[in-house]
Number of protein chains: 2
Amino acid sequence: MADDPRLTPHANALPATVPFVGPEAQERAMGRGFVARLGANESVFGPSPKAIEAMAQAAKEVWQYGDSQSHDLRAALSDHLGVPMQNILIGSGIDGLLNSLVRLTVTQGTPVVTSKGAYPTFNYHVAGYGGVLHEVPFTGDHEDPERLIVKAREVGARLIYLSNPDNPMGTWHDAATIQQMIDNVPDGALLVIDEAYLEFAPDGTAPPLDPTDRRVIRMRTFSKAYGMAGARVGYAIGDTGMIAAFHKVRDHFGIGRISQAGALAALADRDWLVHVRAETAAARTRIAGIAEANGLAALPSATNFVAVDCGADGALARALVRELAEDGVFVRMPFVAPQDRAIRITCGTGADLDHLARVLPGALARARRL
Amino acid sequence: MADDPRLTPHANALPATVPFVGPEAQERAMGRGFVARLGANESVFGPSPKAIEAMAQAAKEVWQYGDSQSHDLRAALSDHLGVPMQNILIGSGIDGLLNSLVRLTVTQGTPVVTSKGAYPTFNYHVAGYGGVLHEVPFTGDHEDPERLIVKAREVGARLIYLSNPDNPMGTWHDAATIQQMIDNVPDGALLVIDEAYLEFAPDGTAPPLDPTDRRVIRMRTFSKAYGMAGARVGYAIGDTGMIAAFHKVRDHFGIGRISQAGALAALADRDWLVHVRAETAAARTRIAGIAEANGLAALPSATNFVAVDCGADGALARALVRELAEDGVFVRMPFVAPQDRAIRITCGTGADLDHLARVLPGALARARRL
């Protein structure tokens, strides 16, 4: 197709890719709804009832823009994390924060390092600003801090991406390993650690926050353990200079009033988080049991999802994802080999997992026949 | 300050400017709250009660990401506007849409044309992507379509910005004038018409939507007449190619579930919009009366705010904005001469305007003494 003269050369060259197709789009294509929505790592246990109430109250005031400084939420996070307010940035989910981060650090040709098969939305933003992505393989279903650092040195990367715990495999590294990675970040590079699933992980997964450390920016979210994916609230913790840079490009009134109120109430309800963690852990165990009953192996997980090794290649896993969709179960799977031998199942409610247990044997049998 | 080696050269060079300081930030600085919040052109009459109810219900489902295609909202807008769904894009307010639009069309050195004193957030995004802004003056407190087109031809602009009705003066052009401007857009340029306030304007302000016209993209919002500034939902109407380009860079899951549900319900409640329009028109008349009682002249307005000419220069208007803040009234004012002889007062509730009427004489007297 001829270039559109209204667009920048880079915009013309960008592919029309979408990192994830949403479940609603799949439902519209199928002409019916999913019975069990277990593909987007949403927290089926929902947000704190106090957060729901805060959002319902805030809906009445939604004629007002949200506070452009998200002051109260940052103050609460500052207390909670023990980090000064000026080192905390609120963004429109980690996706929105990654967009701004890549915009600030990557231009045409900038080398960036990530793991092959890690978060595709990060890759989407890197491509979106013209960066050149260098990927290193997972090692034993884990992102590999050492190889990431070696590759970053080799290519002179400006930005290095790591998720801990990891998506899509659910694996994790301990704090000492991550701290060592931070200590080895090459001069002039920045390590972004996506900690979207941290609240589900064992204690000792994350090294201490150090907002004076200019080698790393950490990102967390209210979308996962806090059960607020549809409210779009994430936050970054970084050094003062890096956070100040975000303020030069961010949409200052972009964090809505209802979202801020909900996140503030969700953060305060520690009991609910304990409840969600327990429900999630129980669901992980149950998913592993369902997998085992079908001769499949669940990987250990520090997240709210379980990667289930289907014991063959990507073709079988892809067929199983399709067959499960036929049976009303929405799941996703890793995009690249060898991780794509697995399907990724989000922790569901009891009813969700009853349904999964019921349909998995048939779906698996059909997938194997294909 | 030395450049930060982690940032792009452009990010390093960007100034640390913020287009607008929010009222909450001002309140924190003052140590007390405003009595009348009349500075951000929010709709004090609120959203439809049906939208509030829809948002409260959606809060319970906020553990789910919003539909990444905003299908139902686009379908409803398609019906409402008589425009195919593929020509409608949902964004995080017009601010978010402008960010993406500038990203797609502007790169280092790209010429862009706007009016001197028009929407500063547009200018912020242009600077944010390295564009070079060319400004033409207002003519008689109106943005000047002819001069904008002449300047665009002169500098070879890629992007031209016009708001109709206009912010910050509240003036407007009729549909024929705007259609003529569209017809004169130079080849390869794109006119963005910001119609944030259109629902307040007289019939015949906007030319018909023509999604086959590649010379123009129109932007509208649920932030103003629909009373949902804090939900961040705007939309763009453009040709298929331009809308497709947005999908290459947008945050696909960026429009939250509560926001989509609220906008859908708000759009359906036409009676509420009629009510808000009537309340707004009455408030405009009352503000004009309050101005007149103080010897000031209100400009005619097709928006939910009134520019009040203070009869002197920017110094008096700036002093008056400060003095009104002292008396608990939040208002803003145009940034540049000669429009900065005015202050800009958002249509308030009866109580808001009672308070304004009470404190304006004193504030004006103090401002004149300064």
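The structure presented is a predicted model; accordingly, all values stated were derived computationally and were not measured.

K.L.:
Quick question: what am I supposed to make of the overall build of chain A here?
P.N.:
Of the regular secondary structure elements, chain A holds 13 helices and 12 strands. Compactness check: chain A gives a C-alpha radius of gyration of 21 Å against a globular reference of 21 Å for 370 residues, within 12% of the reference. Projected onto the principal axes, the alpha-carbon positions of chain A cover approximately 55 × 50 × 50 Å. Taking all 370 residues of chain A together, 56% fall into the buried category. Sequence separation of at least 24 residues holds for 73% of the intrachain contacts in chain A that already meet a minimum separation of 6.

K.L.:
Whenever I open this one, the relation of the copies chain B and chain A confuses me. Can you help?
P.N.:
The second copy of the chain is related to the first by a rotation about an axis and a shift along the axis. For these two chains of identical sequence, chain B goes onto chain A by a turn of 180 degrees and a shift of 0.0 Å along the axis, with RMSD 0.0 Å. Taken together, these values place the two copies in the relation of a two-fold axis. Every residue of chain B has its C-alpha some distance from the rotation axis, and the shortest such distance is that of A56(B), at 2.1 Å. Counting the interface residues of chain B, we find that 97% of their copies in chain A are interface residues as well, pointing to one common contact surface.

K.L.:
In this structure, what is going on with the sheet that holds strand β6 (residues 190-194) of chain A? I would like to understand it.
P.N.:
In sheet architecture, strand pairing relies on hydrogen bonds along the backbone and comes in two forms, parallel and antiparallel. All names here are of chain A. The 7 strands lie next to each other as β2-β8-β7-β6-β5-β3-β4, forming an open sheet whose pairing is mixed. Both outer strands of the open sheet, β2 (88-91) and β4 (132-136), are each paired with one neighbouring strand and no more. Within the sheet, the average angular offset between the axes of one strand and its neighbour, ignoring direction, is 20 degrees. Where strand β3 (residues 111-115) meets β4, 5 bridges bridge the pair, whose relative direction is parallel. By the bridge assignment for β4, P111 is matched with V132.

K.L.:
Can you help me understand unusual backbone geometry in this one?
P.N.:
Working note: non-glycine residues mostly have negative phi, and peptide bonds are mostly trans. Residue P168(B) is bonded to the preceding N167(B) through a cis peptide linkage, with omega at 20 degrees. Structurally, P168(B) can be placed in the loop between β5 (159-163) and α8 (175-183). Along the chain, A337(B) connects to P338(B) via a cis peptide bond; the corresponding omega equals 0 degrees. One can find P338(B) in the loop between β11 (329-330) and β12 (342-346). Phi angles above zero are rare outside glycine, and S70(A) is one such case at about 45 degrees. Mapped onto the elements of the fold, S70(A) is located in the loop between α3 (49-59) and α4 (71-81).

K.L.:
Help me understand the packing of helix α3 (residues 49-59) of chain B against helix α10 (residues 257-268) of chain B in this model?
P.N.:
Any two packed helices are characterised by the angle at which their axes cross and by the distance between the axes. Residues and elements named next belong to chain B. Across the interface, α3 lies against α10 with an axial gap of 8 Å and an inter-helix angle of 155 degrees. Taken together, the axes of α3 and α10 are roughly antiparallel relative to one another. In this structure, the crossing between α3 and α10 has a hand that is right-handed. Of the residues in α10, those in contact with K50, A51, A54, M55, A58 and A59 of α3 are R257, I258, A261, G262, L264, A265 and A266. Of the residues contributing to the contact of α3 with α10, the split by class is 10 nonpolar, 1 polar and 2 charged.

K.L.:
I'm lost on the domain arrangement of chain A in this one. Help?
P.N.:
Bring the parts together and some accessible area is lost; that lost area is often taken as the interface size. Residue and element names in this part refer to chain A. The domain boundaries assigned to chain A delineate domain 1 (21-46 + 271-369) and domain 2 (50-268). Look at where the C-alpha atoms of domain 1 and domain 2 centre, and you get two points 25 Å apart. Contacts between the two partners involve 22 residues from domain 1, matched on the other side by 22 residues from domain 2. Elements represented by at least two residues in the side of domain 1 that touches domain 2 include exactly α11 (270-293) and β10 (305-309).

K.L.:
What's the story with the packing of helix α5 (residues 93-105) of chain A against helix α6 (residues 120-128) of chain A in this structure? I'm lost.
P.N.:
Residues and elements named next belong to chain A. With their axes 9 Å apart at the nearest point, α5 and α6 run at an angle of 30 degrees to one another. By the angle class used here, α5 and α6 are roughly parallel. Pair α5 / α6 crosses with right-handed handedness. Together, D95, L98, N99 and V102 of α5 and T121, F122, H125 and V126 of α6 make up the contact between the two elements.

K.L.:
How do you make sense of the environment of R322(B) when you look at a structure like this?
P.N.:
All names here are of chain B. With respect to the helices and strands, the residue R322 is situated in helix α12 (residues 314-326). Since 13 C-beta atoms lie within 10 Å of it, R322 is described here as partly exposed. Along the chain, R322 and N164 lie 158 residues apart, while their C-alpha atoms are 28 Å from each other.

K.L.:
What am I meant to see in the interface of chain B and chain A here?
P.N.:
Counting residues at the interface gives 71 residues for chain B and 69 residues for chain A. Among the elements of the structure, α1 (9-13), α2 (23-30), α3, α5 (93-105), α9 (240-247) and α10 of chain B are those that each provide at least two residues to the side of chain B that touches chain A. For the side of chain B that touches chain A, a count of residues per class yields 31 nonpolar, 26 polar and 14 charged.

K.L.:
Explain the confidence of the model for chain A to me, please; I cannot follow it from the model alone.
P.N.:
Parts of the model with low pLDDT should not have their predicted coordinates read in detail. Counting all residues, the mean pLDDT for chain A is 97, and 100% of those residues have values of 70 or more. Under the prediction, the complex receives an ipTM of 0.97, its pTM being 0.97.

K.L.:
Whenever I open this one, the environment of G350(A) confuses me. Can you help?
P.N.:
Tracing the backbone shows G350(A) in helix α13 (residues 350-369). With 12 C-beta atoms packed within 10 Å, G350(A) lands in the exposed category.

K.L.:
Help me understand the pairing of strand β10 (residues 305-309) of chain B, please; the structure alone is not making it clear to me.
P.N.:
Looking along a regular strand, one sees the side chains alternate between the two faces of the sheet. All names here are of chain B. With respect to burial, β10 is a largely interior element, 4 of its 5 residues being buried. As defined by bridge partners, strand β9 (residues 297-298) adjoins β10 across 2 bridges and the pair is classed as antiparallel. Its bridge partner being in β10, A297 is matched across the sheet by D309. Hairpin remark: β9 followed by β10, antiparallel, with 6 residues in the connecting loop.

K.L.:
Please clarify how the nonpolar core should be interpreted in this entry.
P.N.:
What tends to happen in soluble globular proteins is that the nonpolar side chains get buried as a cluster. Core analysis: the biggest nonpolar cluster contains 236 residues, and M55(A), I160(A), M228(A), M55(B), I160(B) and M228(B) have the highest contact counts within it. Once residues lying within four places of it in the same chain are set aside, the contact partners of M228(B) are V62(A), W63(A), P47(B), A51(B), F222(B), S223(B), V233(B), G262(B), A263(B) and A266(B).

K.L.:
Please explain the environment of G230(A) as it appears in this structure.
P.N.:
With respect to the element layout, G230(A) can be found in the loop between β7 (216-221) and β8 (234-237). Taking the C-beta count within 10 Å as the criterion, G230(A) has 28 such neighbours and is therefore assigned buried. Sequence spacing of G230(A) and V132(A) is 98 residues, and the spatial spacing of their C-alpha atoms is 31 Å. Among residues more than four places away in sequence, those in contact with G230(A) are E61(B), V62(B), W63(B), Q64(B), Y65(B), G66(B), G256(B), R257(B) and I258(B).

K.L.:
I'm lost on the sheet that holds strand β12 (residues 342-346) of chain A in this one. Help?
P.N.:
The 3 strands lie next to each other as β9-β10-β12 (chain A), forming an open sheet whose pairing is antiparallel. The sheet is open, and its two edges are formed by β9 (297-298) and β12 of chain A, each paired on a single side.

K.L.:
I tried to follow the pairing of β5(B) on my own but got confused; where do I start?
P.N.:
All names here are of chain B. Of all 5 residues in β5, 5 are buried; the element is thus mostly enclosed. Where burial is concerned, the two faces of β5 agree: the one with L159, Y161 and S163 and the one with I160 and L162 are both buried. As defined by bridge partners, strand β3 (residues 111-115) adjoins β5 across 2 bridges and the pair is classed as parallel. Residue pairing in the sheet places V112 in a bridge with L159 of β5. In the sheet, β5 pairs with strand β6 (residues 190-194) via 5 bridges, with the strands oriented parallel. For L162, the partnering residue across the bridge sits in β6 and is I193. With respect to chirality, the unit in which β5 leads through α8 into the neighbouring parallel β6 is right-handed.

K.L.:
What exactly am I supposed to notice about helix α9 (residues 240-247) of chain A here?
P.N.:
Each turn of an α-helix holds 3.6 residues, which means side chains three or four residues apart point in the same direction. Considered for burial, the residues of α9(A) that qualify are M242(A), A245(A) and F246(A). Viewed end-on, α9(A) has its buried residues packed into an arc of 100 degrees, placing them on one side of the element. Along its buried surface, α9(A) packs onto β2, α5 and β7 of chain A together with α1 of chain B.

Rules of the game
- Residues numbered from 1 in each chain as written.
- Chains lettered and ligands numbered in written order.
- Predicted model: local features only at pLDDT ≥ 70, side-chain atom pairs only at ≥ 80, totals over all residues.
- Helix = DSSP H or I, 4+ residues; strand = E, 2+ residues; numbered from the N terminus.
- Rg over C-alpha atoms; globule rule 2.2 N^0.38 Å.
- Buried ≥ 20, exposed ≤ 12 C-beta atoms within 10 Å, placed from the backbone.
- Contact = placed C-beta atoms within 7 Å.
- Least-squares fit on C-alpha atoms with pLDDT ≥ 70 in both.
- Pairing = 2+ DSSP bridges.
- Axes fitted to C-alpha atoms, helices over the stretch in contact; angles between N-to-C directions.
- Parallel < 35°, antiparallel > 145°, perpendicular 65-115°, else oblique.
- Left-handed = near helix turned anticlockwise from the far one by under 90°.
- Nonpolar A, V, L, I, M, F, W, Y, C, P; charged D, E, K, R; others polar.
- Domains from an automatic or database assignment.
- pLDDT = per-residue confidence, 0-100.
- Core = buried A, V, L, I, M, F, W, Y, C linked by C-beta atoms within 7 Å.
- Right-handed = clockwise from strand over helix to strand, strands pointing away.
- Arc of directions from axis to C-beta.

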